[in-house]
Protein chains: 2
Amino acid sequence: MQKISDELRREKKTIGFVPTMGYIHEGHLSLIDVSNRNSDITVASIFVNPTQFGAGEDYREYPRDIEMDKMLLKKRRCSFLFYPDVDAMYSKYFKTEVYVKDLSRFLCGIRRKTHFKGVTTVVAKLFNIVKPDIAVFGQKDAQQAIIIKRMVEDLNYNTKVIIAPIIREKDGLAMSSRNVYLAKGERKDATVIYNSLKETEHMIENGVRNVSIIVRRIREMISSKKSARIDYIKAVETKDLKPVNEIKGEVLIAVACYFGKARFIDNIIVKV
Amino acid sequence: MQKISDELRREKKTIGFVPTMGYIHEGHLSLIDVSNRNSDITVASIFVNPTQFGAGEDYREYPRDIEMDKMLLKKRRCSFLFYPDVDAMYSKYFKTEVYVKDLSRFLCGIRRKTHFKGVTTVVAKLFNIVKPDIAVFGQKDAQQAIIIKRMVEDLNYNTKVIIAPIIREKDGLAMSSRNVYLAKGERKDATVIYNSLKETEHMIENGVRNVSIIVRRIREMISSKKSARIDYIKAVETKDLKPVNEIKGEVLIAVACYFGKARFIDNIIVKV
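A. Geometry of the overall build of chain A. When helices and strands are counted, chain A shows ten helices and nine strands. Referenced to the eigenvectors of the C-alpha coordinate spread, the extents of chain A come out at roughly 55 × 40 × 35 Å. For chain A, the proportion of its 272 residues judged to be buried stands at 57%. Put simply, 71% of the contacts in chain A that link residues at least 6 apart link residues at least 24 apart. For chain A, the accessible area works out to roughly 12800 Å², and carbon and sulfur atoms hold 50% of it. In chain A, which carries 48 positive and 34 negative side-chain charges, the distance between the mean positions of the two groups comes to 1 Å.

Spelled out as structure tokens, the structure:
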């Protein structure tokens, strides 16, 4: 991959990069489109990165379908797929970690203590392998997007990070490889996440500014679904993820909750 | 610097890199020579990196002479000097750290707890800025060399790390920018470090294999000097810095000690 990237750069081709864990859906493919619009060549990676899964999380069960993925990526004009195996990425001597302080502790970092360290370390590796001019990540992983941007700036990666909007199913559920985990009843219940975020938008349009009122309403709506178990509902500053008490300027409203054993996240950004 | 490096790479020039903290001496210049022999273009950096100095260490006093440095580097056919200021390297939003576990805790890491984290973070930054094909470090900082090699392999930097031998004054003292700290009597006493390491070599040539006997002899010799205060004397495996009890295979014998307020390190590798 490094040889290919060096050769492309020598030919003055710009490289767009979309790192994924595979089980490609329309959300991933929208990132490929963004990459193609912003670079000459798009490289995707598929790597279910063990170090970003915690104990008891779904590393083993994480859905995989490489043949389908290849087909979908090719059809969407992704030129290269980097698809390493775990031993190639982590030798038995492996000892290095890349960590973005503070930002990795909030929100998902509370329950998933080592998750973002796993993400930033593997993304640093992938950037050194693919050497992209631009890299495209999804807004669904809002905290990840902020952390990656911070890392790229701090470590002087010569890579422009583009965050692309959330792609949703017709009923509003954010697309995720993990949606296949949902049993039929859970799948229906799960639409409440986006519905509660839309309700938030209406409340804010109608003048509500108090975050506890907003959070309470989201909690009410999600709790009304039998199969739902809330992890967090938070309103934070979009730049540093610091909690806010009042909707003012640009605010990220982020939700994480379980349906069955699987954990789902979603978010909206509101501006007043 | 990134634009220059991209352009050089496009021209198929290979880039050699010698990162330094300046106050250039013959040790640094020998690294420039190694770089020139192994690449088309040599880039040096001068950056006294605040994050690798601990509280109470000599960040402020660290000797600096940029005009002399420029002259010496130019004369030795170093083509580019990257010489950033602290604010350009660390914005007020800076939050990222690169850390090599385990290896950073031993030897110098015991007294200088955050030192190697500072080193690996700034070297990761410099590699992303200079994009070198090869990078040359000195064997004097033996532990740093091992840690950097680990980081480069773990994070998939496309950079070959070359470790160049220690350059010494006529009386054997390892060259170091910090040697200017030594008062006249201390300067004379400091030769005991290398003399004790040479003595070790003789002992091993004469069949001594027991590390405690060797360490005791080094301790005796250094302690005989009034101005010396020992930090550590260790015999460790060259690959993972694990302590050894017996000289067998390749062993790094490393010494750190103070003369006055300043700290000096030196080492030899023995093979039996």
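B. Layout of the environment of Thr14 of chain B. Residue and element names in this part refer to chain B. Here Thr14 lies in the loop between helix H1 (2–10) and strand E1 (15–20). Residues Thr14 and Ser39, 25 residues apart in the sequence, show an inter-C-alpha distance of 5.2 Å. Beyond its immediate sequence surroundings of up to four residues, Thr14 is in contact with Ser39, Asp40, Ile41 and Asp133.

C. Highlighting the pairing of E1 of chain B. All names here are of chain B. Along E1, six of the six residues are buried, which leaves the element largely enclosed by surrounding structure. Neither face of E1 is left uncovered, since the one carrying Ile15, Phe17 and Pro19 and the one carrying Gly16, Val18 and Thr20 both have all their residues buried. As paired strands, E1 and strand E2 (residues 41–46) are joined by six bridges and run parallel to one another. Paired with Val18 across the strands is Ala44, a residue of E2. With respect to chirality, the unit in which E1 leads through helix H2 (residues 26–38) into the neighbouring parallel E2 is right-handed. Where E1 lies against strand E5 (residues 134–138), two bridges are found, and the strand directions are parallel. Residue pairing in the sheet places Phe17 in a bridge with Ala135 of E5.

D. Seen up close, the relation of the copies chain A and chain B. Of the transformation superimposing chain A on chain B, the axial component is 0.0 Å and the angular component is 180°, with the fit at an RMSD of 0.0 Å. The two molecules are tied by a two-fold rotation axis, judged by turn and shift. Of all interface residues in chain A, 100% are interface residues in chain B too; the two copies therefore contact each other through one and the same surface.

E. Examining the packing of helix H9 (residues 192–205) of chain B against helix H10 (residues 211–223) of chain B more closely. All names here are of chain B. Following both chains from N to C, one finds H9 and H10 inclined at 150°, their axes separated by 9 Å at the closest point. Considering the angle they form, H9 stands roughly antiparallel to H10. Handedness of the H9/H10 crossing: right-handed. Contact with H9, carried on its side by Val192, Asn195, Ser196, Leu197, Glu199, Thr200, Met203 and Ile204, involves Ile213, Ile214, Arg217, Ile218, Met221 and Ile222 of H10 and no other residues of that element. For the contact of H9 with H10, the residue count by class is nine nonpolar, three polar and two charged.

F. Broad picture of the interface of chain A and chain B. Across the boundary between the two partners, chain A contributes 30 residues, which contact 30 residues of chain B. Buried area between chain A and chain B, summed over both chains or domains, comes out near 2900 Å², and the portion from carbon and sulfur atoms is 46%. Taken together, chain A and chain B are joined by six salt bridges. Close ionic contact of Lys95 of chain B with Asp102 of chain A constitutes a salt bridge, the shortest N to O distance being 3.2 Å. The interface formed by chain A and chain B holds 22 residue pairs in polar contact (both at pLDDT 80 or more) in total. When residues of the side of chain A that touches chain B are traced back to their parent elements, those giving at least two are helix H1 (2–10), strand E4 (96–100), helix H6 (115–130) and helix H7 (142–154) of chain A. Residues belonging to the side of chain A that touches chain B are distributed by class as follows: eleven nonpolar, seven polar and twelve charged. Two elements, E4 of chain A and strand E4 (residues 96–100) of chain B, share five bridges in a ladder whose sense is antiparallel. From the neighbouring strand, Thr96 of chain A faces E4 of chain B, where its bridge partner is Val100 of chain B.

G. Expanded view of the packing of aromatic side chains. Taken as a whole and judged by the stated rule, the model has 16 aromatic pairs over all chains. On the basis of an interplanar angle of 35° and a centroid distance of 6.2 Å, the ring pair of Phe47 of chain A and Tyr90 of chain A is categorised as tilted. Residue Phe47 of chain A is located in the loop between strand E2 (41–46) and helix H3 (66–75), and its partner Tyr90 of chain A is located in the loop between helix H4 (86–89) and E4; the two are separated by 43 residues in the primary sequence. Comparing Phe47 of chain A with Tyr90 of chain A shows no difference in burial state: the two are buried. Relative to Tyr62 of chain A, the ring of Phe53 of chain A lies with its centre 5.9 Å away and its plane at 75°, an arrangement referred to as edge-to-face. When its relative accessible area of 8% is taken as the criterion, Phe53 of chain A is described as buried. Taking the relative accessible area as the measure of exposure, Tyr62 of chain A reaches 7% and is therefore buried. Arg64 of chain B extends its terminal NZ or CZ atom over the ring of Tyr59 of chain B, reaching a point 5.2 Å from the ring centre.

Definitions and cut-offs
Residues numbered from 1 in each chain as written. Chains lettered and ligands numbered in written order. Predicted model: local features only at pLDDT ≥ 70, side-chain atom pairs only at ≥ 80, totals over all residues. Heavy atoms only, no water. Helix = DSSP H or I, 4+ residues; strand = E, 2+ residues; numbered from the N terminus. Buried < 20%, exposed > 50% of the residue type's maximum accessible area, 1.4 Å probe, protein only. Contact = heavy atoms within 4.5 Å. Areas by Shrake-Rupley, 256 points an atom, 1.4 Å probe, with all protein chains shown as cover. Lys, Arg positive; Asp, Glu negative; His and termini not counted. Charge placed at Lys NZ, Arg CZ, Asp CG, Glu CD. Pairing = 2+ DSSP bridges. Right-handed = clockwise from strand over helix to strand, strands pointing away. Least-squares fit on C-alpha atoms with pLDDT ≥ 70 in both. Axes fitted to C-alpha atoms, helices over the stretch in contact; angles between N-to-C directions. Parallel < 35°, antiparallel > 145°, perpendicular 65-115°, else oblique. Left-handed = near helix turned anticlockwise from the far one by under 90°. Nonpolar A, V, L, I, M, F, W, Y, C, P; charged D, E, K, R; others polar. Buried area = accessible area lost by both parts, 1.4 Å probe. Salt bridge = Lys/Arg side-chain N within 4 Å of Asp/Glu carboxyl O. Polar contact = N/O pair within 3.5 Å; in protein donor to acceptor, adjacent residues only side chain to side chain. Phe/Tyr/Trp six-rings, centres within 6.5 Å; stacked < 30°, edge-to-face > 60°. Lys NZ or Arg CZ within 6 Å of the ring centre and 35° of its normal.

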